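Commentary on secondary and tertiary structure
One letter stands for each residue in the lines below.
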Amino acid sequence: MLLEHNVVVKDPLKVRLRFASCYPNLYRSAMSSLGFHIIYDFLNHHNDVYCERVVYPYGKSLETGSPLKDFDVVGFSLQYEQDYPHVLKMLREGGLKVRKDHREADDPLVIAGGPCASSNPLPMNHFVDLFLVGDGETILPALLDKLNELDNPRRELDALLDVKGVFIPGNEVKLVQVDDMNDAWRPTKQVYPETDDKEFIPAFGRSFLLEVSRGCARGCRFCMAGCLYRPRREADIKTLLQTAEEGRKATGLDKIALIGGAVSDYSRIEELCSELLQRDFQVTTPSLRVESVSRNLLESLKKSGLKTITIAPESTWRLRKVANKPITDEDIQRTMKTAFDMGFNVKLYFLIGLPTETHEDIVNMLNLVRDLEVMAPHPNSVRVSINPFIPKPHTPFQWANFNLQDVKSKTKYLKKNAKNRHFKVENPNKSLIQYVLSMGNSNLGDIIVESSQRKVSLGRWKKLTHQWTMESEFPWKDIDVGVTDEFLLKEYKKALQGDITPWCETFGCYQCGACQQIRS
């Protein structure tokens, strides 16, 4: 039995709507997701709604042990494409048919939100009744009102298309999001476990999740989130400090995990960390951008007990220009020297398989890694993670391809020549599967069903690989995320030339379309 604090208790018989908020990954990941907390807290603030949590691999809620079939709405958070088979397993465990066409009229309405639902939900079309494109707290109020009007939502799905952000494939939709962070939902009474079992300890440990910003406009050409959620929107520092204090009262947690699309880009990050420290909070954060890491920020993190910082050089300088991440080797070395001087360990993330990459680039990347490792005070101070680049929808690199044999060849070379024992390379076969699921269409339904029941051969996945060209009509063509295809194509062509598009927040607007959509 897992002991949790701040669990919401309601009588299921005395509410109008029972909502199962489902996370198709393990508990420690679910409880590290601020979005998961937001949906739970937001819905349970409605007196006539009871939101309960269901996490993989289970099909029953943590609150009452109710199976999914007993709910009115079953909502999944689609954070990662590789979780798609987990969704089907949870539906089965919860007593539901996996295919929407096989369910009865009085079965729950199955919906899905999250980054994958906003970018390309077509592969999950056979299993999900409708998708939410954008931020949950902007879509759910109108959706709840509409659900209350309908006698049987599953029989009247088209009526739900009146709700902004609701997407049923075959229709068009615009992504909706919180325009002003003052309107963002900030859950203070966050649920957290009381346990020593590592399987149930959230990724940030016993931390209160504090959202400093949404979106990122740095313009990295491989980053889906950076294109989906433009422009960057910041929370006011007074609001953040007040939320932290209210969170401590509601949870007793003194450790703050700063959450955002690019946390270290927050305009008052040093002041925020300093203020939190003065109020006896500890501070932690996910990866940091090299451009915005300062000694003062690292000192605050050091005082909070953080031992390892994570930065992502991605590749060599030539390929960083292709990816539009114009940080120099000197920038990286300077940040790492500061980190090592202060006693930090450093985790480095690199990509292989970026457009225009050659074997010479791989050799140069390995030389860069070695140069960075030499700076470390001892071998355990540096960990290196290499991940195959995967093209994503709504990015300039949606026109790029994934070449499995090329990635395997480069992976083999890196493993053979890398000397650091803390050198991890992601399995290229897994990356191929993620590529197929990221860039595919509704034709993937059968293989997702099969992969939820048994291991599917790599050959089967290979046959479903999509090779999109500049003339292709993408499966996600009906989803308008703000950034225009014209802008993305222009960026792709610039990438092939190795041309940089400087950060719009410093150099001015490039008319990508995102800000224009918000104004409209």
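Refer to the structure printed above.
Residues numbered from 1 in each chain as written. Predicted model: local features only at pLDDT ≥ 70, side-chain atom pairs only at ≥ 80, totals over all residues. Heavy atoms only, no water.

Section: the overall build of the protein
If you tally the helices and strands in the protein, you get 19 helices and 19 strands. With the C-alpha coordinates of the protein rotated into their principal frame, the extents come out at 65 × 55 × 45 Å. The buried share of the protein, reckoned over its 520 residues, is 58%. In the protein, the proportion of contacts linking residues at least 24 apart, taken out of those at least 6 apart, comes to 76%. For the protein, the exposed area adds up to about 22,700 Å²; of that, 47% sits on carbon and sulfur atoms. (Helix = DSSP H or I, 4+ residues; strand = E, 2+ residues; numbered from the N terminus. Buried < 20%, exposed > 50% of the residue type's maximum accessible area, 1.4 Å probe, protein only. Contact = heavy atoms within 4.5 Å. Areas by Shrake-Rupley, 256 points an atom, 1.4 Å probe, with all protein chains shown as cover.)

With respect to the sheet that holds strand β14 (residues 282–284)
Read across the open sheet, the 3 strands follow the order β10-β13-β14; overall the sheet is parallel. Since the sheet does not close on itself, it has two edges, and those belong to β10 (208–211) and β14, each with one partner. Ignoring strand direction, the axes of neighbouring strands in this sheet form an average angle of 35°. Relative to strand β13 (residues 255–259), β10 runs parallel, the two sharing 4 bridges. For Phe-208, the partnering residue across the bridge sits in β13 and is Ile-256. Running over the sheet, helix α7 (residues 237–251) touches β10 and β13 and is turned about 160° from β10. (Pairing = 2+ DSSP bridges. Axes fitted to C-alpha atoms, helices over the stretch in contact; angles between N-to-C directions.)

Comments concerning the nonpolar core
Of all hydrophobic cores here, the largest spans 128 residues; its most connected members are Phe-76, Met-124 and Leu-258. If you tally residues by element for this core, the top one is helix α12 (residues 359–374), at 6 residues. Residues within four places of Phe-76 in sequence aside, it is in contact with Cys-22, Leu-68, Val-87, Met-90, Leu-91, Val-110, Ile-111, Ala-112 and Gly-113. Core analysis: the next-biggest nonpolar cluster, separate from the first, contains 32 residues, Leu-17, Tyr-27, Leu-140 and Leu-147 among them. (Core = buried A, V, L, I, M, F, W, Y, C linked by side-chain atoms within 4.5 Å.)

Description of the side chain of Thr-251
In this fold, Thr-251 is placed in helix α7. A polar contact is formed between the side chain of Thr-251 and the backbone oxygen of Gly-247, at a distance of 2.6 Å. Residues in contact with Thr-251, not counting those within four places in the same chain, are Asn-6, Thr-188, Gln-190, Tyr-192 and Phe-208. (Polar contact = N/O pair within 3.5 Å; in protein donor to acceptor, adjacent residues only side chain to side chain.)

Digging into the packing of aromatic side chains
Per the stated rule, a full pass over the model turns up 11 aromatic pairs. Pairing Phe-389 with Phe-397 gives two aromatic rings, centres 5.5 Å apart and planes at 80°, and the pair type is edge-to-face. We note that Phe-389, like Phe-397, is buried. Here the aromatic residues Phe-389, Phe-397, Trp-399, Trp-468, Phe-474, Trp-476 and Tyr-492 are joined through ring pairs into a cluster of three or more. For the cation-ring pair, Arg-248 lies above Phe-281, with the distance from its terminal atom to the ring centre recorded as 3.7 Å. (Phe/Tyr/Trp six-rings, centres within 6.5 Å; stacked < 30°, edge-to-face > 60°. Lys NZ or Arg CZ within 6 Å of the ring centre and 35° of its normal.)

Things to note about the sheet that holds strand β18 (residues 423–425)
Across the sheet, 4 strands lie side by side as β15-β16-β17-β18; this open sheet has parallel pairing. The sheet is open, and its two borders are formed by β15 (308–314) and β18, each paired with just one other strand. Each neighbouring strand pair of the sheet contributes to a mean axis angle of 20°, computed without reference to strand direction. Note: strand β17 (residues 382–388) against β18, 3 bridges, orientation parallel.

A short note on the pairing of strand β5 (residues 109–113)
Most of β5 sits out of view: 5 of its 5 residues are buried. Where burial is concerned, the two faces of β5 agree: the one with Leu-109, Ile-111 and Gly-113 and the one with Val-110 and Ala-112 are both buried. Looking at chain direction, strand β4 (residues 73–77) and β5 are connected through 5 bridges and run parallel. Looking at the pairing, Val-73 lines up with Leu-109 of β5. Taking the sense of rotation as the criterion, the β-α-β connection linking β4, helix α3 (residues 84–93) and β5 turns out right-handed. With 2 bridges connecting them, β5 and strand β6 (residues 130–132) associate as parallel partners. For Ala-112, the partnering residue across the bridge sits in β6 and is Phe-131. (Right-handed = clockwise from strand over helix to strand, strands pointing away.)

A few points about the state of the cysteines
Within this structure, the stated rule accounts for 0 disulfides. Counting only cysteine sulfurs, Cys-216 is the nearest neighbor of Cys-273, a cysteine outside any disulfide, at a range of 18 Å. Here Cys-509 is not cross-linked by a disulfide; its sulfur's nearest cysteine counterpart is in Cys-515, at 5.9 Å. (Disulfide = S-S within 2.5 Å.)

A closer look at the pattern of salt bridges
Within the structure shown, the criterion is met by 36 salt bridges. Here Asp-129 makes a salt bridge to Arg-154, at a shortest N to O gap of 3.3 Å. Of this pair, Asp-129 sits in the loop between α4 (115–119) and β6 while Arg-154 is found in the loop between α5 (136–149) and β7 (166–167), placing the two residues 25 residues apart along the sequence. For Asp-129, a relative accessible area of 2% puts it in the buried group. A relative accessible area of 16% means that Arg-154 is categorised as buried. Residue Arg-206 pairs with Glu-194 through a salt bridge whose shortest N-O separation is 3.6 Å. (Salt bridge = Lys/Arg side-chain N within 4 Å of Asp/Glu carboxyl O.)

With respect to unusual backbone geometry
The omega angle of the peptide bond from Tyr-56 to Pro-57 is 10°, so this bond is cis rather than trans. Mapped onto the fold, Pro-57 is located in the loop between β3 (49–55) and β4. Phi at Glu-314 takes a positive value of approximately 75°, unusual for a residue other than glycine. Positionally, Glu-314 belongs in strand β15. Among the residues examined, Glu-314 registers a relative accessible area of 8% and is labelled buried. Positive phi values are uncommon outside glycine, yet His-394 reaches one of about 65°. Topologically, His-394 is positioned in the loop between β17 and α13 (404–417).

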